[in-house]
Amino acid sequence: MELPVVKIKKILYTTDLSKNSKYAFGYAVNMAQAFGAGLTILHVMTGSENLDANISYHIGKSQWDKIKKERHKEATKSLVGKIRNQFAIKDALVKYCKGADECLLERTLVTDEIIVERGDPVKHILKYSEERDCDFIVMGSRRSDSLASSTSKRVLKKARIPVMVVPLNEDK
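Basis of the calculations
- Residues numbered from 1 in each chain as written.
- Predicted model: local features only at pLDDT ≥ 70, side-chain atom pairs only at ≥ 80, totals over all residues.
- Heavy atoms only, no water.
- Pairing = 2+ DSSP bridges.
- Helix = DSSP H or I, 4+ residues; strand = E, 2+ residues; numbered from the N terminus.
- Axes fitted to C-alpha atoms, helices over the stretch in contact; angles between N-to-C directions.
- Contact = heavy atoms within 4.5 Å.
- Salt bridge = Lys/Arg side-chain N within 4 Å of Asp/Glu carboxyl O.
- Buried < 20%, exposed > 50% of the residue type's maximum accessible area, 1.4 Å probe, protein only.
- Parallel < 35°, antiparallel > 145°, perpendicular 65-115°, else oblique.
- Left-handed = near helix turned anticlockwise from the far one by under 90°.
- Nonpolar A, V, L, I, M, F, W, Y, C, P; charged D, E, K, R; others polar.

Peer 1: Just give me the short version of the sheet that holds strand β5 (residues 163–168), but keep the residues and values in it.
Peer 2: Ordered in space as β3-β2-β1-β4-β5, the 5 strands form an open sheet in which the pairing is parallel. The open sheet has two edge strands with one neighbour each: β3 (111–118) and β5. On average, each strand axis in the sheet is tilted by 20° relative to the strand beside it, whichever way the strands run. Here strand β4 (residues 136–142) pairs with β5 via 6 bridges, running parallel. Within the sheet, the bridge partner assigned to valine 138 lies in β5 and is methionine 164. Helix-sheet contacts for helix α1 (residues 21–35) involve β1 (10–15), β2 (38–45), β4 and β5, and the interaxial angle to β5 is about 145°.

Peer 1: Please provide a residue-by-residue account of the pattern of salt bridges, values included.
Peer 2: Counting across every chain of the model gives 4 salt bridges. For aspartate 120, the salt bridge identified is with arginine 154, shortest N-O distance 3.4 Å. With aspartate 120 in the loop between β3 and α5 (121–131) and arginine 154 in helix α6 (residues 151–158), this pair connects stretches of sequence that are 34 residues apart. For aspartate 120, a relative accessible area of 35% corresponds to the partly exposed category. In the salt-bridge network here, residues are joined through shared partners; they are Glu113, Glu131 and Arg132.

Peer 1: Describe in detail the packing of α5 against α6, supporting the description with residues and values.
Peer 2: Relative to each other, α5 and α6 sit at 40°, their axes nearing to 9 Å. In terms of orientation, α5 lies oblique with respect to α6. When you trace α5 past α6, the crossing you get is right-handed. Side by side, α5 and α6 meet where Pro121, Val122, Ile125 and Leu126 of the first sit next to Thr151, Arg154, Val155 and Lys158 of the second. Of the residues belonging to the contact of α5 with α6, the class tally is 5 nonpolar, 1 polar and 2 charged.

Written out as structure tokens, the structure is:
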């Protein structure tokens, strides 16, 4: 039996910015390092009421407040119903990646792109995985989620590329 050669050049990491998403991010970063792949990060806003708390957890409250202040003018120009705070969230994700980069010491993390969208997470995950020619998707899933309705199950069902679903430890 001959095994196929697996080449992973682009990885799509999806995050909901929850406290536990760093765990899945660790897998995405390590896979990108192991394969020498680029990493595209996607966050889809679905109207999370805990958005400030989630982002503050990742980059620190003072840093998040600074970003929001810098981007307030751009955010206020956004029309109602369009992506609010997209610029601030994107800045926060850039800082999130830089934090991972610092943890890698002599290695560097190649982040191809950071995307922030609003809408249906499954639709956007599948859209960007195809549009960006990704070879692999990494995403987290809460253990308490019902697999019947979870985003990860719907992505697994519809994706045309391999998907790694990392069970997130909610106790940490």
